[in-house]
Amino acid sequence: MSSVPISQWPSEYKYSAPVAGDTEMVNVTIDGVEVQAPRGELLIKVAQDYGTYIPRFCYHERMKPVGMCRMCLVEVEGMRGLQISCATPVVEGMVVTTQSPDVKEAQDGVLEFLLINHPLDCPVCDRGGECPLQDQTLAFGPGESRFVEEKRHFEKPIPISDLVLLDRERCIQCGRCTRFAAEVAGDPLIDFGGRGSSTEVITYPGAPFSSYFSGNVVQICPVGALTARSYRFKARPWDLSAVETSCQSCSVGCRGVLDSASNRLVRFLGVDSEPVNHGWLCDKGRYGYEWVHAKDRLNIPLVARGGGLVPESWPQALELATSVIRDVFDKHGAKAIGVLGGAQGTNEDAYAWARLAKGVIGTDNVDAQLGDGLPAEVVIGMERATIADLDSARAIVLLGPDLKEELPVLYLRVRRAAVDLGVPLVDIGASNTGLTPYAQAVLRHLPGDPEAVTEKLAAALAGQPTRPDELRPLLEAIDKRALIQKEGPVVVVLGRSSVAEAADATVRAAAILAQAGISAKFLSALPTANVHGALDLGLAPGFLPGRVTLAAGRDELAKTWARVPEEQGLGAAKILANAAGGEIKLLVLLNCDPIADFPDGQLAKDALKNVEHVISLNSFTNESMRHADVVFPITVWGEQRGSISNIEGRVARLGRKITPDGSTMEPWRIATELAARLGHEMDLESFTEVQDEIAQVAPAFVGVDSKLISWARDGAVLPVADHAAEITLALSSLDQNKRSAGVSWEPIPTSGEDTPGNGAVPPAVISPPRPAQALYSWAKQAPERTAALADSYSLRLVASRTLYGNDLITTQSPSLARLATVTAQLRVNERERDRLGVADGEVVRVISSRSSIELPLVVDPSVPERVALVAINRDAPGASDLVDINESVTDLRIETLSKPVIKES
Amino acid sequence: MGFTDEDRVRARAIIDRYPHAKSAMLPLLLLAQDRDGWVTPEAMEEIAVWLGTTPALVLGTCSFYTMLKREPVGDLVVSVCTNIACLVNRGPELLDGLRSRYEGDTAIMVEEVECIAACDRAPAIQINYEYYGPVDTTAAVDIIEQYRSGALQARTISGSSRGAK
């Protein structure tokens, strides 16, 4: 085959995988082997896909090529000199040689050059043993250096953020970290400073690299120049043992590899999972493993005795809990029992507890969401989008929380879709979020009142001829995108932007979009780790495992379960209200703390004060368990195998890396133990048996059995009501080819009991059966607005999460604890501050219909007028003191401590 | 001193010349240097705001160029070449002579530079990027003092002709 003249090469070079619509394949010869590849794909990637590893330092598949390191030089027939394969797109007829004498000489030269200034301190370097520079020097280098002069010396290490340290001597100036910060994270807080041999990575004085994604630069650094404070000098790579798992710090479910040494977790690295996280993690997910080893972890059951909680043996504690349940059941019936929580556990935990609560005890007063989510019928029954749908969407509509704060890696995916792929973005909300700068349309509304702007948007997207001014840039962007992306859903990222307002308004806005005829699909943005698995497995009133209602699933489930509740039970708010009122006598708290987590703190406090009995499962003590009868210590992430469901409904494997200290138990096993003591053997002895039972009895989970879960490294997305019910399967996210030639900076799970498939070889294609019965589908209706919102208020509250608050992961992980903000502040913009006539930081009295608290007032220019922001993951006093769960919005009045402020209206 | 409102109007015009705001970074850094005699941290921070970027990226660019001074250098920058042609024509002695003459003088900074493409005039110097040479220490001091007294009109610290910005 002859080579193609340069004049016929494509004029535009692409840097990323070809987009839909451009799938023209070309023939390329690499080292004498003819292969087919999409036209425009980068040569280095094509070679890798076909098993030829071209060495590289600066090239990274998820970022644009820069050609800085010159390590990937190859010979291309017809082109003068050697070419950098990381920036050379393939064209028809290209003939490439990757291992000629000229290439070898160039590689020797580049490596010798890089090593001139690189210290050979490998024995004390964190990267030593898994270092791309080490590995590639061995595989491709000259073997010796002619450099005898003194190498550079710098002060080290320099912290570039609270989590990441820089050793400038080791840096080879590949620009991976600086490109990540600018291109991927959108936080360009690091850059190259200086020139030539004094080039170094810099931050601006007083402005550290305080990105939520800073830890990724440590993982992608091809040398040991960037190290993590948490892992520095903790272990050598060859002493680590690893397992692939899913992150549980939020509900995105990023895939990663968890490393341990001597039965202690020491590191968590991202795995490049195409449909989920592209290899990235947020810092909370990356460094949050530390909390597993917190000193205050519960490791023995506690029972109430003599006015306090005292340690007790497992059999005695289980007996006591059983007698409490039986006693309440016998005296007051199943409806006097409420079960809250379960959104932090595994799917197996959720199923076993749903079966215990609904199938054994017979109560439907079960809710995994603590008033901070959306109605279960919406989440379970809405037409779902996957994360990958963002990339091919006609437009993305944000109708939920600040993704950067609550679902950071989803923020990265939305940002990529908007910035790199040109998907038009709409931001609907009461205040600015991390994605606002990238939106073509920013639709601001008063808290609790999104309908009007949503209607306007829905009409415009549906093709209404008149174009409102504020939507014109958006509609033009959509028109432009239609040239390359004609079809595609409108993906609505749907969640709760504030717990200070009722969910109804958000649901109404979602219904408007669902009914607008714009093929809207919804991607949930509920942040709690496994809330979607908990809802899918029946921890919601009115639902049974597998996305079916009580009525629809009753007959089928009755074959396995002893009973199924007759009528729909209560949600969290009513469960707590009934506990406060005395109708509910027993509250079971599944790894939750309503006093801290429920938006209406007063109601939660009343409920836990008045309820007769409390059984709590947790890994730490908390305020809600103060009056518990029994507290069971549970195993947590990293200690327990199983599966989770992420925001897409993707069921993915959880690995176990360490054996827990003390005597903790998996929550699902506690459920089976209690069931047995109540006289109902569940016959579930291992997590795989739970998974197999779920696959058998839960309609949406049909085919998703223990084998499939262990094989599907990227997880399996559950079928969705009324659209194509295929389970998408990606069997391998870790391409073996990437790891050839001893180049190992992609994390590699070692073999062991958690090896995918437990050693069995998966079939090439898995075609799971379709659900036998129709799954629940959301009626796209919402409760009507009951009353007009008051107009004569001073400020309206928006209560939302920030990434680092008073949550356990942040406060109990030493690396993250220094970033935690635990005191609540009232954030308003400058004009509101001036209107109140107070100084920045001054403490003011904040009055709602619920109560009156004192908070420091802080100016935040991103907050619109008539809005006040109070973060919810803060210690009291805070937002939960102000919210009344029965009100549709939370209006505030502010007084200075010295004089009352005259209210303007 | 810092930017004046007049500077900000000019900055806006400079930014508008380019399809991407960030392309205006170098002209703006030169504007700042000519305003203050050096690129102050405040200037870098304000430029970052104008360009919609971070001070880290401004510092990254600024620190690449030795002609952008990140600390005060006085009114005159005297660049003495010590590269090969100037080396053999007593450039180092000229450098030493000027350094000792102006040591502690905050108005005048003497710096050593690599080849400034004036080998035919070796040893050559630049005074605010105006070429002189061949010169010895006495001749160089004489020219510098003419600038200091106002007998000669110096270019700006960035090398622009006065009023030609």
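Above this note sits the structure.
All residue numbers refer to positions counted from 1 along the written sequence of the respective chain. Chain A is the first chain written and ligand 1 is the first ligand written, with later ones labelled in order. With pLDDT at 70 or above as the cut-off, local features in this predicted model cover only qualifying residues; side-chain atom pairs require 80 or more to be listed or tallied, and sums for whole chains, interfaces and linings still use all residues. Side-chain numbers here rest on the full set of heavy atoms in the structure, without hydrogens or water.

Which residues make up the overall build of chain B, and what are the values?
Put simply, DSSP marks the helices as runs of H or I at least four residues long and the strands as runs of E at least two long, and each gets a number from the N terminus on. The helix and strand inventory of chain B stands at seven helices and four strands. Each of the three principal axes of chain B carries a C-alpha extent, and together these read 50 × 30 × 25 Å. Each residue is assigned to one of three classes by its accessible area relative to the maximum for its type, calculated with a 1.4 Å probe on protein chains only: buried under 20%, partly exposed between the two thresholds, exposed over 50%. Counting over 165 residues, chain B shows a buried share of 47%. The averaged location of the 23 negative side-chain charges in chain B is 5 Å from the averaged location of its 16 positive side-chain charges. Charged residues are defined narrowly, with Lys and Arg counted positive, Asp and Glu counted negative, and His plus the chain ends left uncounted. The location of each charge is read from NZ of Lys, CZ of Arg, CG of Asp or CD of Glu.

Go over the interface of chain B and chain A, please, and point to the residues and values.
Note on definitions: a residue-residue contact is assigned when non-hydrogen atoms from the two residues lie within 4.5 Å. Counting residues at the interface gives 14 residues for chain B, matched by 12 residues for chain A. Carbon and sulfur atoms make up 65% of the area that chain B and chain A hide from each other, which totals about 1,000 Å². Here, a salt bridge means any side-chain nitrogen of Lys or Arg that lies within 4 Å of a carboxyl oxygen of Asp or Glu. Summed over the shared surface of chain B and chain A, the result is zero salt bridges. For this analysis, a polar contact is any N or O atom pair within 3.5 Å, provided that within protein one partner can donate a hydrogen and the other can accept it, and provided that sequence-adjacent residues contribute only side-chain to side-chain pairs. Across the contact surface, chain B and chain A share five residue pairs in polar contact (both at pLDDT 80 or more). Breaking the side of chain B that touches chain A down by element, the ones donating at least two residues are α3 (41-51) and α4 (55-64) of chain B. Buried area is calculated as the accessible area (1.4 Å probe) missing from two parts once they are joined, with the contributions of both summed.

Before we move on, can you summarise helix α1 (residues 5-16) of chain B with the specific residues and values?
Residue and element names in this part refer to chain B. Helix span, as expected, comes to 1.5 Å for every residue beyond the first. Between its first and last C-alpha, α1 extends 17 Å over 12 residues, near the 16 Å set by a 1.5 Å rise per residue. All of the buried residues in α1 are Asp 7, Ala 11, Ile 14 and Ile 15. Summarising the axial view, the buried residues of α1 lie within an arc of 95 degrees, below the 170-degree limit, and thus occupy one face. In this structure, α1 carries Asp 5, Glu 6, Val 9 and Asp 16 as exposed residues pointing more than 90 degrees from its buried face. On its buried face, α1 sits against α2 (25-36) and α3. Picture the helix axis, draw a direction to every C-beta atom, and the arc is the one those directions span.

Which residues make up the environment of Ile 694 of chain A, and what are the values?
All names here are of chain A. Mapped onto the elements of the fold, Ile 694 is located in helix α21 (residues 687-697). Taking the relative accessible area as the measure of exposure, Ile 694 reaches 3% and is therefore buried. Spatially, the C-alpha atom of Ile 694 lies 50 Å from that of Thr 137, the residues being 557 residues apart in sequence. Beyond its immediate stretch of four places on either side in the chain, Ile 694 contacts Asn 347, Tyr 351, Leu 537 and Phe 701.

Any details on the side chain of Lys 404 of chain A? Residues and values, ideally.
Of note, Lys 404 of chain A is situated in helix α10 (residues 403-406). At a separation of 3.1 Å, a polar atom in the side chain of Lys 404 of chain A contacts the side chain of Asp 187 of chain A.

Help me get a handle on the nonpolar core, residues and values and all.
Residue and element names in this part refer to chain A. Within the largest apolar cluster, 108 residues are counted, with the highest numbers of intra-cluster contacts made by Trp 353, Leu 356, Leu 457, Phe 632 and Ile 670. Annotation comment: domain bounds sourced from an automatic or database domain assignment. When we break this core down by domain, the ones giving at least three residues each are domain 2 (302-372 + 532-736) and domain 3 (377-531). Those residues in contact with Phe 632 that lie beyond four places of it in its chain are Trp 314, Ala 317, Leu 318, Ala 321, Ile 615, Ser 616, Leu 617, Asn 618 and Ile 670. In terms of nonpolar packing, the next biggest core, distinct from the first, is built from 96 residues, Cys 69, Leu 133, Cys 221 and Ala 294 among them. Residues grouped as a nonpolar core are buried Ala, Val, Leu, Ile, Met, Phe, Trp, Tyr and Cys residues, joined through side-chain atoms within 4.5 Å.

So, the packing of helix α2 (residues 101-117) of chain A against helix α3 (residues 132-140) of chain A: which residues are in play, and what are the values?
Residues and elements named next belong to chain A. It is the contact of α2 with α3, at a shortest axis distance of 10 Å, that shows an interaxial angle of 140 degrees. For the pair α2 and α3, the crossing hand works out as left-handed. Contacts between α2 and α3 involve Lys 104, Gln 107, Asp 108, Leu 111, Leu 114 and Leu 115 from the first element and Leu 133, Gln 136, Thr 137 and Phe 140 from the second. The residue makeup of the contact of α2 with α3, split by class, is five nonpolar, three polar and two charged. A fitted line through C-alpha atoms represents every axis, and for helices the fit uses only the stretch in contact; the resulting angles, taken between N-to-C directions, go from 0 to 180 degrees. Rotating anticlockwise by less than a right angle from the far helix to the near helix defines a left-handed crossing, while the corresponding clockwise rotation defines a right-handed one. The classification used treats Ala, Val, Leu, Ile, Met, Phe, Trp, Tyr, Cys and Pro as nonpolar, Asp, Glu, Lys and Arg as charged, and all other residues, Gly among them, as polar.

Give a detailed account of a nonpolar patch on the surface, specifying residues and quantitative values.
Each patch is built from residues lacking any salt bridge and having more than 30% relative accessible area; the joining distance is 9 Å for like charges and 5 Å for nonpolar side chains (Val, Leu, Ile, Met, Phe, Trp, Tyr). We get accessible surface area from the Shrake-Rupley algorithm with a probe of 1.4 Å; when it comes to residues, only the shown protein chains can shield them. A cluster of nonpolar side chains, namely Leu 26, Phe 64 and Tyr 65 of chain B, defines an oily patch on the protein surface of about 240 Å² accessible area. Position of Phe 64 of chain B among the secondary structure elements: in helix α4.

Give me the pairing of strand β1 (residues 25-30) of chain A: which residues, what numbers.
Residue and element names in this part refer to chain A. Two strands pair when backbone bridges link them, and β1 and strand β2 (residues 33-38) are joined in this way by six bridges, in the antiparallel orientation. For Val 28, the partnering residue across the bridge sits in β2 and is Val 35. Joining the antiparallel neighbours β1 and β2 is a turn of two residues, in which Asp 31 adopts a positive phi near 50 degrees. Here the rule is simple: two strands pair whenever DSSP picks up at least two bridges between them. Bridge count between β1 and strand β5 (residues 94-97): three bridges; the pairing is parallel.

Quick rundown of the sheet that holds strand β28 (residues 642-645) of chain A? Include the residues and the values.
Residues and elements named next belong to chain A. The three strands are arranged β28-β29-β30 in an open sheet whose pairing can be described as antiparallel. Where the open sheet ends on each side, the last strands, each with one partner, are β28 and β30 (716-717). Those strands touched by helix α8 (residues 347-361) are β28 and β29 (650-654), and its axis lies near 90 degrees from that of β28.

I'd like a rundown of helix α11 (residues 408-419) of chain A, residues and numbers included.
Residue and element names in this part refer to chain A. Here α11 is 12 residues long and its end C-alpha atoms lie 16 Å apart, about the 16 Å a rise of 1.5 Å per residue gives. Burial analysis of α11 places 10 of its 12 residues in the buried class, which makes it a mostly covered element. Those residues of α11 not exposed but buried are Pro 408, Val 409, Leu 410, Tyr 411, Leu 412, Arg 413, Val 414, Arg 415, Ala 417 and Ala 418.

Go over the sheet that holds strand β1 (residues 76-81) of chain B with me, naming the residues and quoting the values.
Residues and elements named next belong to chain B. Read from one edge to the other, the open sheet built from four strands follows the order β2-β1-β3-β4, with strand pairing classed as mixed. Strand pairing shows two members of the sheet lacking a second neighbour, β2 (108-113) and β4 (130-132), which therefore form its edges. Across this sheet, the average inter-strand angle for adjacent strands is 25 degrees, counted without regard to direction. Bridge count for strand β3 (residues 125-127) against β4 is three bridges, and the pairing is antiparallel.

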